[in-house]
Amino acid sequence: MAARALDQVPHLSGGDGSGVVSGLVAAVPVPVIAEGRIAPPEQAAQALAAGGIGVVVGAAITVPAALTRTFVAGLTS
């Protein structure tokens, strides 16, 4: 049942992903945990506001090189 519902979830290109989270929450009868490409805290908050029950933050905080790149980019732009 969930696989069929996932085919109907609208995907965002270049968006914050909250549309995907809210689409999944509406489409499946199980709790949704957002994971993937969540870096700033604002994106985590958006995923929770969209109905997710949790957020997995991976490389954004566990890979020092990725974390350093975000600081360098933010300070040099």
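Scroll up to find the structure.
An account of the accompanying structure is given in this report. (Residues numbered from 1 in each chain as written. Predicted model: local features only at pLDDT ≥ 70, side-chain atom pairs only at ≥ 80, totals over all residues. Heavy atoms only, no water.)

## Some remarks on the overall build of the chain
Okay, step 1: A count of helical and extended segments in the chain gives 5 helices and 2 strands.
Okay, step 2: When its helices and strands are written in sequence order, the chain yields α-α-β-α-β-α-α.
Okay, step 3: Here the chain, with 77 residues, has 21% of them falling under the buried criterion.
Okay, step 4: Taking contacts inside the chain between residues at least 6 apart in sequence as the whole, the part at least 24 apart equals 22%.
Okay, step 5: For the chain, the exposed surface amounts to about 5400 Å²; the carbon and sulfur share of it is 64%. (Helix = DSSP H or I, 4+ residues; strand = E, 2+ residues; numbered from the N terminus. Buried < 20%, exposed > 50% of the residue type's maximum accessible area, 1.4 Å probe, protein only. Contact = heavy atoms within 4.5 Å. Areas by Shrake-Rupley, 256 points an atom, 1.4 Å probe, with all protein chains shown as cover.)

## A closer look at the layout of surface pockets
Okay, step 1: Roughly 190 Å³ of internal volume is contained in the second largest pocket.
Okay, step 2: Lining the second largest pocket are Ala39, Pro40, Pro41, Ala60, Ile61, Ala66, Leu67, Arg69, Thr70 and Ala73.
Okay, step 3: For the lining of the second largest pocket, the secondary structure elements donating two or more residues are helix 4 (59–62) and helix 5 (64–76).
Okay, step 4: At 5 residues, helix 5 tops the list of elements feeding residues into the lining of the second largest pocket.
Okay, step 5: Residues belonging to the lining of the second largest pocket are distributed by class as follows: 8 nonpolar, 1 polar and 1 charged. (1 Å grid on protein atoms, 1.4 Å probe; cavity = no way out; pocket = protein on both sides within 12 Å on 5 of 7 lines; lining within 4 Å. Points joined across faces, edges and corners; volume = space filled by probe spheres on them. Nonpolar A, V, L, I, M, F, W, Y, C, P; charged D, E, K, R; others polar.)

## Overview of the environment of Ala59
Okay, step 1: Along the chain, Ala59 falls in helix 4.
Okay, step 2: Given a relative accessible area of 43%, Ala59 falls into the partly exposed group.
Okay, step 3: Sequence-wise, Ala59 and Ile38 are 21 residues apart; in three dimensions their C-alpha atoms are separated by 8.9 Å.

## Structural notes on unusual backbone geometry
Okay, step 1: With a phi close to 60°, Arg37 is a non-glycine residue in the positive phi region.
Okay, step 2: Tracing the backbone through its elements, the reader meets Arg37 in the loop between strand 1 (33–35) and helix 3 (41–49).
Okay, step 3: Exposure remark for Arg37: the relative accessible area of 83% places this residue in the exposed category.

## Observations regarding a nonpolar patch on the surface
Okay, step 1: There is a patch of nonpolar side chains on the surface, built from Ile33, Ile53 and Val56 and spanning about 280 Å² of accessible area.
Okay, step 2: The residue Val56 is located in strand 2 (residues 54–56) in this model. (Patch = residues over 30% accessible without salt bridge, like charges linked within 9 Å, V, L, I, M, F, W, Y side chains within 5 Å. Salt bridge = Lys/Arg side-chain N within 4 Å of Asp/Glu carboxyl O.)

Everything listed here is a matter of coordinates, which is why it stays silent on function.
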